[in-house]
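# Tertiary structure, described
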Amino acid sequence: MKPTLDSDLLRTFVAVAETGNFTKAAEKAGRTQSAVSMQMKKLEDMVGDSLFERGSRGVALTRRGGELIGNARRIVSLLDETAASLVAPPLGGLVRIGIPAEYGRSILSRALGEFAKRHPRVEVTVRYAHSASQVRALAAGELDLAVVFEWEGFSGGEVLMHDPTVWVTSTLHHMHEERPVPIALYSRDGWCRDFAIKSLQQRGLDYRVAYTSDTNGGLALAVTSGLAIAPISRSNIPPDCRELTAADGFGDIDSSNVVLHRNPQAAGEAIDGMEEAIREAFMLTRQAQATANL
């Protein structure tokens, strides 16, 4: 006989998986830790297998838990979308977003997917550009919301995630072992000179510029093809590549924060909803990274 899964159990299961901690999941769900433990024991009995491995730093998904988490997230998300559609009329209007290209797939696709299901009448325009350009566009009234990198100081925006830039190399080509080390850089001045090159100079590493690009995708291509190493945000390291650490003679390039800014003149429920969708997408990314690091 097939088990009948309780959506409340799945919601708690997702909370534990994303926080990696029964206590934090209990706080998120508004329950006691013992109640969460009992729920997970009940779910494991229904599934017929353990879902979590306990460790000193929290819990991690077992193989069986990893198989369940995808469907559990979809079910919880669908329930939330359905509940929201019942209490809130669809929004309309225009939302103009500026965001770094590297977060287009990992963050914005998630935010837009959830938002479009709830508010299909909203027109969304997206601008991919470097942070300085986005800040200027926001100040000129050309954007409603802008997600930017900030490397120094604090602008007063909302910090969505700490995502330092690091040197990245291909695990197949090992270009970081060459001297002078071939590097790929953005073609524009400013950040590359002030941070990326400076980080090499501080460590006494000889380098040569082997490739320049206007986009993050271009830098990723240079690394994966074995042409050079490149400065890439830690959350966007391509497959078959890895961060170069102090053990390799490298280290963090900057201490970037990903910050959300809103045009003070931008008003409306559509913009409010998109702002919340972006915030939630980054939160889920942070939780997934925290779980992966356990």
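Residues numbered from 1 in each chain as written. Predicted model: local features only at pLDDT ≥ 70, side-chain atom pairs only at ≥ 80, totals over all residues. Heavy atoms only, no water.

## Describing the UniProt feature "domain: HTH lysR-type" (unreviewed entry) in the protein
The residues that UniProt annotates with the feature "domain: HTH lysR-type" (unreviewed entry) are residues 5–62. Measuring from the first to the last C-alpha atom of residues 5–62 gives 19 Å, for a span that is 62% helix and 14% strand. (UniProt positions renumbered as here; feature names shortened; annotations may be inferred. Helix = DSSP H or I, 4+ residues; strand = E, 2+ residues; numbered from the N terminus.)

## Considerations on the packing of aromatic side chains
The geometry of two aromatic rings is summed up by the distance between their centres and the angle between their planes. According to the stated counting rule, one finds four aromatic pairs in the structure shown. Taking the centre distance of 5.9 Å and the plane angle of 75° together, the rings of F22 and F52 count as edge-to-face. Remark: F52 occurs in strand β1 (residues 52–55) and F22 occurs in helix α2 (residues 22–29); sequence separation between them is 30 residues. The same class applies to F22 as to F52, namely buried. (Phe/Tyr/Trp six-rings, centres within 6.5 Å; stacked < 30°, edge-to-face > 60°. Buried < 20%, exposed > 50% of the residue type's maximum accessible area, 1.4 Å probe, protein only.)

## As for unusual backbone geometry
With an omega dihedral of -5°, the bond running from R179 to P180 counts as a cis peptide bond. If you check the backbone angles, H174 has positive phi at about 55° while not being a glycine. Locating H174 in the fold gives a position in the loop between β7 (165–170) and β8 (181–186). Look at D240: it is not a glycine, yet its phi comes out positive at around 65°. Looking at the secondary structure, you find D240 in the loop between β10 (230–233) and β11 (241–243).

## Description of the side chain of Q134
Within the fold, Q134 resides in helix α6 (residues 131–139). The exposure class of Q134 is buried, given its relative accessible area of 0%.

## Describing the sheet that holds β11
As summarised here, the arrangement of the three strands in space is β10-β7-β11, forming an open sheet in which the pairing is antiparallel. The outermost strands of the open sheet, each flanked by one partner alone, are β10 and β11. Shown here is a sheet whose adjacent strand axes are inclined to one another by a mean of 50°, direction ignored. The pairing of β7 with β10 spans four bridges and is classified as antiparallel. Residue pairing for β10: V166 is matched across the bridge by I232. With respect to the sheet, helix α8 (residues 216–224) is in contact with β7, β10 and β11, its orientation differing from that of β10 by roughly 120°. (Pairing = 2+ DSSP bridges. Axes fitted to C-alpha atoms, helices over the stretch in contact; angles between N-to-C directions. Contact = heavy atoms within 4.5 Å.)

## A short note on the nonpolar core
One finds V95, Y103, V147, M274, I278 and F282 to be the most contacted residues of the largest nonpolar core, which totals 24 residues. For this core, the secondary-structure elements that each account for two or more residues are β3 (92–99), α5 (104–118), β5 (145–150), β6 (158–162), β12 (257–262) and α9 (269–292). For this core, the element with the highest residue contribution is α9, accounting for seven residues. Apart from residues no more than four positions distant in its own chain, F282 is found in contact with Y103, I107, V147, L160, M161 and V258. Judged by nonpolar contacts, the second largest core, of 20 residues, contains L9, V36, L68 and V76. (Core = buried A, V, L, I, M, F, W, Y, C linked by side-chain atoms within 4.5 Å.)

## A closer look at the environment of G218
Structurally, G218 is set in helix α8. Given a relative accessible area of 7%, G218 falls into the buried group. Along the backbone, G218 and Y186 are 32 residues apart, and their C-alpha atoms lie at a distance of 8.7 Å. Setting aside its immediate chain neighbours within four residues, G218 contacts Y211 and S213.

## Some points on the packing of α2 against helix α3 (residues 33–47)
Two elements in contact, α2 and α3, have axes whose closest approach is 8 Å; the angle formed by their N-to-C orientations is 100°. Of the possible angle classes, the one that applies to α2 and α3 is roughly perpendicular. When α2 is examined against α3, the residues F22, T23 and A26 are found in contact with a partner set consisting of Q33, V36, S37 and M40. Here the contact of α2 with α3 is composed, by residue class, of four nonpolar, three polar and no charged. (Parallel < 35°, antiparallel > 145°, perpendicular 65-115°, else oblique. Nonpolar A, V, L, I, M, F, W, Y, C, P; charged D, E, K, R; others polar.)

## Topic: the pattern of salt bridges
For the structure on display, the rule yields 17 salt bridges. In this structure, E18 and R73 form a salt bridge, with 3.1 Å as the shortest nitrogen-oxygen distance. Of this pair, E18 sits in helix α1 (residues 7–19) while R73 sits in helix α4 (residues 63–87), placing them 55 residues apart in sequence. In this structure, D272 engages R262 in a salt bridge whose closest nitrogen and oxygen atoms are separated by 2.7 Å. (Salt bridge = Lys/Arg side-chain N within 4 Å of Asp/Glu carboxyl O.)

## A few points about the side chain of N263
Residue placement: N263 occurs in the loop between β12 and α9. With sequence-adjacent residues up to four places away left out, N263 is seen in contact with L138, G141, L143 and D144.

## A word on the layout of surface pockets
It is the rolling of a water-molecule-sized probe over the atoms that shows where space remains empty. When its volume is computed, the largest pocket comes out at roughly 910 Å³. Lining the largest pocket are 32 residues; nearest its centre among them are V76, S77, D80, E280 and L284. With ten residues, α9 is the single largest residue contributor to the lining of the largest pocket. Partitioned by chemical class, the residues of the lining of the largest pocket number twelve nonpolar, five polar and 15 charged. (1 Å grid on protein atoms, 1.4 Å probe; cavity = no way out; pocket = protein on both sides within 12 Å on 5 of 7 lines; lining within 4 Å. Points joined across faces, edges and corners; volume = space filled by probe spheres on them.)

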